[in-house]
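These are the residues of each chain, in order.
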Amino acid sequence: MSVFDRYEMVCGVETHVELATKTKIFCGCTTEFGGEQNTHVCPVCLGLPGVLPVLNREVVNLAIKAGLALNCEIAEFSKFDRKNYYYPDLPKNYQTSQYDLPICKNGWLMIETAEGQKKIGITRAHMEEDAGKLVHGGETITTSDESYVDYNRTGVPLLEIVSEPDMRSISEVLAYLEQLVQILEYTEVSDCRLEQGSVRFDINVSLRPRGSTELGIRTETKNLNSFSSVRRCMEYEIARQAEVLDAGEKVVQETRTWDEGRGITLSLRSKEEAHDYRYFPEPDLVPMVIDREWVEEIRKTLPELPAARRERLQILGLSAYDAEVITSSKGLADFFDKALRQCEDAKSLTNWVMGDFTRLLKANEVSVVDSPISPEQVAEMVNLIEKGTISGKIAKSVIEEMFATGKDASVIVKEKGLAQISDESALIKIIDEVIAANPASVEDYRAGKERAIGFLVGQVMKASKGQANPGLVNKLLKERLG
Amino acid sequence: MELTAKSAAELHTLLESREISAVELTKAFIERINAIEDKVKAFMTLTEESALMQAAEVDAKLSRGDKLRPLEGIPMALKDNMCTEGVRTTCSSKILENFVPPYNATVAELLRQAGAVMLGKLNMDEFAMGSSTENSAFHVTRNPWDLERVTGGSSGGSAAAVVADQAVFTLGSDTGGSIRQPAAFCGVVGMKPTYGAVSRYGLIAFASSLDQIGPFTKDVRDNALVMNAIAGHDPKDSTSVPYDKPDYTKFLLNDIKGLKIGIPREYFGQGIDTEVDKVLRQALATLGSLGAEVEECSMPHTEYAMPAYYLIAPAEASSNLARYDGVRYGYRTEDSEDIISMFKKTRAEGFGSEVKRRIMLGTYALSAGYYDAYYLKAQKARTLIKQDFDRVLEKFDVLVAPTAPTVAFKFGEKSTDPLAMYLSDVCTVPLNLAGLPGITLPAGFAGGMPVGLQLMGKPFDEGTLYRVAYTFEQNTDFHKAKPAFSGEVA
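Rules used throughout
Residues numbered from 1 in each chain as written. Chains lettered and ligands numbered in written order. Predicted model: local features only at pLDDT ≥ 70, side-chain atom pairs only at ≥ 80, totals over all residues. Helix = DSSP H or I, 4+ residues; strand = E, 2+ residues; numbered from the N terminus. Contact = placed C-beta atoms within 7 Å. Pairing = 2+ DSSP bridges. Right-handed = clockwise from strand over helix to strand, strands pointing away. Axes fitted to C-alpha atoms, helices over the stretch in contact; angles between N-to-C directions. Parallel < 35°, antiparallel > 145°, perpendicular 65-115°, else oblique. Left-handed = near helix turned anticlockwise from the far one by under 90°. Nonpolar A, V, L, I, M, F, W, Y, C, P; charged D, E, K, R; others polar. Buried ≥ 20, exposed ≤ 12 C-beta atoms within 10 Å, placed from the backbone. Domains from an automatic or database assignment.

Observations concerning the environment of B:Ile74
Residue and element names in this part refer to chain B.
And then number 1: Relative to the helices and strands, Ile-74 is located in the loop between helix 3 (48–63) and strand 2 (75–79).
And then number 2: Sequence-wise, Ile-74 and Gln-54 are 20 residues apart; in three dimensions their C-alpha atoms are separated by 10 Å.
And then number 3: Setting aside residues no more than four positions away along its own chain, Ile-74 makes contact with Ala-8, Leu-11, Ala-116, Val-117 and Val-168.

Digging into the pairing of strand 10 (residues 293–297) of chain B
Residues and elements named next belong to chain B.
And then number 1: In terms of strand pairing, strand 9 (residues 260–264) meets strand 10 through five bridges, oriented parallel. Among the inter-strand pairings, Gly-262 is bridged to a residue of strand 10, identified as Glu-295.
And then number 2: In this region the chain leaves strand 9, passes through helix 8 (residues 274–289) and returns to the parallel neighbour strand 10; the handedness of that crossover is right-handed.

Some remarks on the packing of helix 8 (residues 330–340) of chain A against helix 9 (residues 346–363) of chain A
Residues and elements named next belong to chain A.
And then number 1: For the pair helix 8 and helix 9, the least separation of the axes is 11 Å and the interaxial angle reads 140 degrees. Taken together, the axis directions place helix 8 and helix 9 in an arrangement best described as oblique. In terms of crossing hand, the pair formed by helix 8 and helix 9 is right-handed. Contacts from Phe-336, Ala-339 and Leu-340 of helix 8 reach helix 9 at Ala-346, Leu-349 and Val-353.
And then number 2: Here the contact of helix 8 with helix 9 is composed, by residue class, of six nonpolar, no polar and no charged.

Here we look at the pairing of strand 7 (residues 189–192) of chain B
Residues and elements named next belong to chain B.
And then number 1: Alternating positions in strand 7 separate into two faces, Val-189 and Met-191 on one and Gly-190 and Lys-192 on the other, with burial throughout.
And then number 2: With two bridges connecting them, strand 7 and strand 8 (residues 213–217) associate as antiparallel partners. From the neighbouring strand, Gly-190 faces strand 8, where its bridge partner is Phe-216.

A few points about the domain arrangement of chain A
By a frequent convention, interface size equals the accessible area lost on bringing the separate parts together.
And then number 1: With domains assigned, chain A is organised as domain 1 (3–297), domain 2 (325–416) and domain 3 (424–481).
And then number 2: Spacing between the C-alpha centres of domain 2 of chain A and domain 3 of chain A amounts to 31 Å.

Focus on the interface of chain B and chain A
And then number 1: Taken residue by residue, the interface counts 34 residues in chain B and 26 residues in chain A.
And then number 2: The set of elements that each furnish at least two residues to the side of chain B that touches chain A consists of helix 9 (305–320), helix 10 (339–350) and helix 11 (353–366) of chain B.
And then number 3: With three residues, the single largest contributor to the side of chain B that touches chain A is helix 9 of chain B.
And then number 4: Of the residues in the side of chain B that touches chain A, the class split is 19 nonpolar, eight polar and seven charged.

Here's what the structure looks like:
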């Protein structure tokens with residue numbers, strides 16, 4: 001019997017996303033990832049005595065943009081607060097964050113589930129500064145004699161996006177995360193480089209008996225940085241909590257950490273040991289008054305979001321599945337849209353973009369933004385098929401050649417003499433030769449065997465080295481055999 | 001008159017007329033410091049070498065026939081909580097004993113650009129927490145009027161150095177009276193500007209929403225000259241205000257006819273020494289005789305200022321001082337087993353008892369379950385106190401009050417009783433909560449010790465304070481009095 005027959009899972013997620021600014025939130029240091037340790041630092045982000053923060057306006061712009069994309073209310077009055085706790089990667093031993101007046105609140109995003117669309121609430125999104133990184137001298141934090149701190153990441157701007165506890169299955173959680181990351185990527189609020197830790201998830205999960213409406217006791221597992229870790233962590237945590245409940249015990253409300261290597265979660269601190277962060281308004285920054293004109297200016301810069309884009313593509317005649325694939329990354333969707341501007345046949349373009357084009361990208365291990373051929377070139381190739389200049393079969397070799405050389409399809413067709421024969425007089429000459437050479441098939445056709453025409457078309461194609469226009473051949477043959 | 005006793009304005013004339021060189025002037029101050037510093041102990045660090053180099057640059061300029069700006073070549077010193085690139089900045093704390101900042105505070109940079117010559121850094125109460133400079137982790141500073149008495153604090157070194165002629169002017173910081181109270185105790189002019197008028201960038205924070213830097217000078221004119229150099233908007237300080245900075249010397253008019261001066265009665269009540277009260281009544285009579293309209297008024301929420309201050313300032317301090325943990329700079333305990341014990345021992349060994357007391361007070365005030373009752377309530381009281389000021393300043397151009405309830409007290413007199421010590425700021429704290437400007441100037445003597453007259457004004461109206469102070473000064477001689485103390489006779 002599955003755990004889910006007995007229990008319903010309730011999950012909410014806190015997502016920390018690095019905002020795509022060039023400089024840090026309160027100083028002019030670069031936000032670039034990596035770099036030699038402690039080189040992307042200055043007195044301000046090192047929290048030296050006497051320094052003061054100056055808010056990077058671009059951080060506010062991006063936070064507002066994310067909020068609008070997530071259907072949030074944008075606060076007219078917002079402020080920063082200090083969250084006080086001691087940790088060596090936090091140079092001031094407080095984090096400048098937002099407490100009771102976050103910049104965004106009351107939003108939502110839509111996910112696709114097996115039962116149809118579902119709205120997931122966004123409680124709030126607030127701006128804060130990232131901390132540094134600890135490097136331990138030994139194998140692990142407990143066996144090290146010394147630890148070192150790299151403050152390059154200190155002060156990189158973060159947006160913390162808090163969802164409502166609206167998710168009821170692991171697949172809903174994953175759908176939410178995928179949607180969220182897609183939206184942040186689409187809006188260029190973040191690079192969303194999960195492998196570099198630029199997006200991190202805290203998973204709050206609890207179980208309750210099926211049919212119960214009260215929330216169970218939850219645990220929070222911190223700092224997951226991939227979808228697969230989220231899935232594995234949730235599988236583990238749900239099984240663990242179910243075991244506790246099955247034994248008639250209570251889940252302990254606590255913060256846990258995910259051990260990727262062992263595939264388990266471990267207790268970090270209980271509710272009793274939880275920090276008292278002693279939040280209070282940041283006296284070194286003045287509160288922000290966000291006038292509506294500012295918000296509207298940013299709204300104008302919002303790109304078409306994935307859901308709207310999928311809808312538009314479906315109206316153009318794409319299937320739901322095709323629209324999903326095309327919009328799965330902003331790069332591919334942008335490529336498609338650019339090609340579509342120069343291409344009449346959306347369906348055929350879809351097939352080529354999702355088929356051979358994507359296959360070639362994968363085979364050559366290049367991303368769509370680095371594609372050696374432009375959207376306009378793909379559009380031209382598809383147009384050549386539609387105009388009857390080349391056949392689909394020829395096109396397969398043409399796109400390979402385009403990928404290898406970057407040449408336009410029309411150039412390749414011309415250079416290699418690949419244009420279809422659509423000249424009727426030339427075709428009739430070949431057709432007459434084929435009729436003369438295959439009297440048996442001609443007899444069969446005339447006796448009513450429709451299938452025989454296929455063989456004859458094949459023979460014409462063969463004789464023309466594949467360059468005959470098959471549609472025209474079919475029509476002319478039928479006329480000839482009358 | 002000794003060179004070192006002269007004002008910046010007088011010395012500027014001497015430098016420009018080439019009667020003295022900047023190097024001679026700086027050397028005169030170094031000699032003066034060397035002669036009396038073991039008695040006064042105003043300094044934490046001396047920077048003789050770089051001072052002489054700066055002075056030589058000024059002389060080079062003079063020999064080219066260039067004009068000098070008002071503070072060019074004028075020897076001065078900074079309170080040791082203002083960061084100076086390459087010069088140790090301790091906050092008079094063991095925890096920062098060997099801290100050498102890699103950058104300059106905005107005020108240090110502005111004075112450097114103005115050509116002022118820095119002689120060194122001045123003693124203070126540790127992290128500016130105190131009212132007597134007895135809380136310095138290193139040594140006390142003695143009041144030149146009576147070496148058995150305190151200078152006041154926390155900017156005790158800044159006040160003492162000016163009255164002892166160890167510097168022409170100094171800078172201090174005022175969170176709850178730390179410029180005005182020691183200026184009054186030492187008989188010099190001290191200005192606490194409007195919050196946001198002078199950049200706090202590079203001022204090691206005590207309480208961010210209250211801290212403000214200002215000048216100590218021998219007279220009002222010098223004070224206006226220094227304000228001209230240090231005031232103004234700084235993009236590095238988000239709380240500094242973009243405003244039209246006037247030329248403050250334009251307000252130095254010997255005329256207060258028709259100005260309305262309010263006397264808030266709450267400042268003259270219980271706890272004000274009768275001798276001090278007498279001196280101030282005389283000063284008020286003087287102001288009246290000079291043509292000001294002097295009238296009593298009421299600011300009913302004044303009594304809440306002390307409790308509100310002692311919740312807000314420690315709360316901010318508990319967070320501001322969290323960074324001193326031994327990880328990156330400053331003192332680190334030699335004996336720790338892990339990171340937590342390193343934090344704890346570093347702070348236990350590195351901070352003095354008053355600093356620890358305020359960190360504990362502030363931590364408590366911000367704790368879950370207590371925030372609303374303490375911090376939030378204190379902020380509400382702060383709003384009421386501000387409203388009191390707004391209301392009376394609609395009617396009056398300036399308000400007059402004592403700077404401190406008593407004259408400078410003796411060493412040890414209050415250092416064992418924190419509450420008694422805190423009460424010596426009762427007349428200065430409300431202004432910080434309201435963010436308004438205030439100046440203190442010598443108004444007479446009680447028992448041989450100087451008494452300060454405090455003038456409080458409207459936001460960014462330091463000019464009117466200078467006008468009233470200048471008029472009082474021009475019509476009295478208190479600022480010319482010098483302590484009997486000299487290098488030879490103690």
